[in-house]
Amino acid sequence: MNTEQKLRKLLNEQILIIDGAMGTMVQRYKLSEEDYRGERFKDWHTDVKGNNDLLCLTQPHIIKEIHKQYLKAGANILETNTFNGQVISLADYEMQSLAYELNVAAARLAKEAIQEYATEDNVTTENLFVAGAIGPMNKTLSLSPDVNNPGFRSVTFDEVADAYYEQIKGLVDGGADILLVETIFDTLNAKAAIYAINKFFRDTKTEKLPVMISGTITDASGRTLSGQTLEAFLISVMHANPVSIGLNCALGAQEMRPHVAELAGIAPCRVSAYPNAGLPNAMGEYDETPEQTAAIVAEWAKEGWVNILGGCCGTTPDHIAAIAKAVKGLTPRPQPELLSA
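Residues numbered from 1 in each chain as written. Predicted model: local features only at pLDDT ≥ 70, side-chain atom pairs only at ≥ 80, totals over all residues. Heavy atoms only, no water.

A. Spotlight on the environment of G74. Among the secondary structure elements, G74 is positioned in the loop between α5 (60-73) and β2 (77-79). Its relative accessible area of 29% is what places G74 among the partly exposed residues. Separated by 191 residues in sequence, G74 and G265 place their C-alpha atoms 27 Å apart. Discounting chain neighbours no more than four positions away, the residues touching G74 are I17 and A324. (Helix = DSSP H or I, 4+ residues; strand = E, 2+ residues; numbered from the N terminus. Buried < 20%, exposed > 50% of the residue type's maximum accessible area, 1.4 Å probe, protein only. Contact = heavy atoms within 4.5 Å.)

Printed below as a string of structure tokens:
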């Protein structure tokens, strides 16, 4: 049984838990510029504080520690610390040359965290997976960054696809079990990632890893930032044959609820959802408690809408533990072909 078959079997049997926010947890360590640089990059010519992906190289013990906290909280799926791990986003720090290395290191750290957790807690790794996190990047293919020149694009499709291809190679070489194209606000960027995934496995003649896709509804309009409705987004990416499609980020669970309900009614595959811990306050912080978040998403599970649940911005291992406890034993959304039976 390969990884995708194993994953699909588990999704038939239980609601799987994906981890919570990496950035929120990193902030707790109150790292300085020097901490981010480490010894290797102590003389780097630009500031690097805020480049959380770099911590896979300079503070690997912190990233692994965060992963293990989420595992102990009940997570089945760990996301790699690679949200900005491609050359286009890394250009902000002039660290494009590190893209491949960062992704390899990130995937290996997550795999090591699973092995160490399994040994320390004497549990099996059969239901634990590493999802290579492929973020939306900081440039968009569908929108112009210049309001006075709506036809201008700061990046091309080929450049985006090539950036994702290198990231995917690093994640696969590092041992990722799943590829997660997430926080999608521009479906054309996601299409470039899907194209890169298919090209990589075609080029390498290796077995394709399961793909998860997660989009972002940015406001009450129910549309992505590039203007697509949820149904249009779904149709635009289903050619990837994902194991799951879902929503994450931008909204708290309460605001995300109607969109999860809509997605559950139309998705021909499994459904995932990992909302923020409410909406940010005036200071940009998240106040929703683990119990509040868990109570809302547990309702989704009881309605039969979801197969994978977790948390995004502002969520912590306490949120993930509360969610895992609240949905334990609840029936996952049935196979799509059985929805009309």
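B. Focus on the packing of helix α8 (residues 157-173) against helix α9 (residues 187-204). Viewed as axis vectors pointing N to C, α8 and α9 meet at an angle of 55°, and their least axial separation amounts to 8 Å. With respect to α9, the axis of α8 lies oblique. As for how α8 packs across α9, the hand of that crossing is right-handed. Contact with α8, carried on its side by F157, V160, A161, Y164, Y165, I168, K169 and V172, involves L188, N189, K191, A192, A193, Y195, A196, I197, K199, F200, F201 and D203 of α9 and no other residues of that element. In terms of residue class, the contact of α8 with α9 is made up of 15 nonpolar, one polar and four charged. (Axes fitted to C-alpha atoms, helices over the stretch in contact; angles between N-to-C directions. Parallel < 35°, antiparallel > 145°, perpendicular 65-115°, else oblique. Left-handed = near helix turned anticlockwise from the far one by under 90°. Nonpolar A, V, L, I, M, F, W, Y, C, P; charged D, E, K, R; others polar.)

C. Broad picture of empty space enclosed by the protein. As enumerated under the stated definition, the model contains one cavity of 30 Å³ or more in all. Computed from the structure, the largest cavity encloses a volume of approximately 40 Å³. Along the walls of the largest cavity sit I134, G135, P136, Y164, V181, E182, I184, D186, N189 and A190, which together make up its complete lining. Elements with a minimum of two residues in the lining of the largest cavity: β4 (178-184) and α9. The element contributing the most residues to the lining of the largest cavity is β4, with three residues. Counted by class, the lining of the largest cavity contains six nonpolar, two polar and two charged residues. (1 Å grid on protein atoms, 1.4 Å probe; cavity = no way out; pocket = protein on both sides within 12 Å on 5 of 7 lines; lining within 4 Å. Points joined across faces, edges and corners; volume = space filled by probe spheres on them.)

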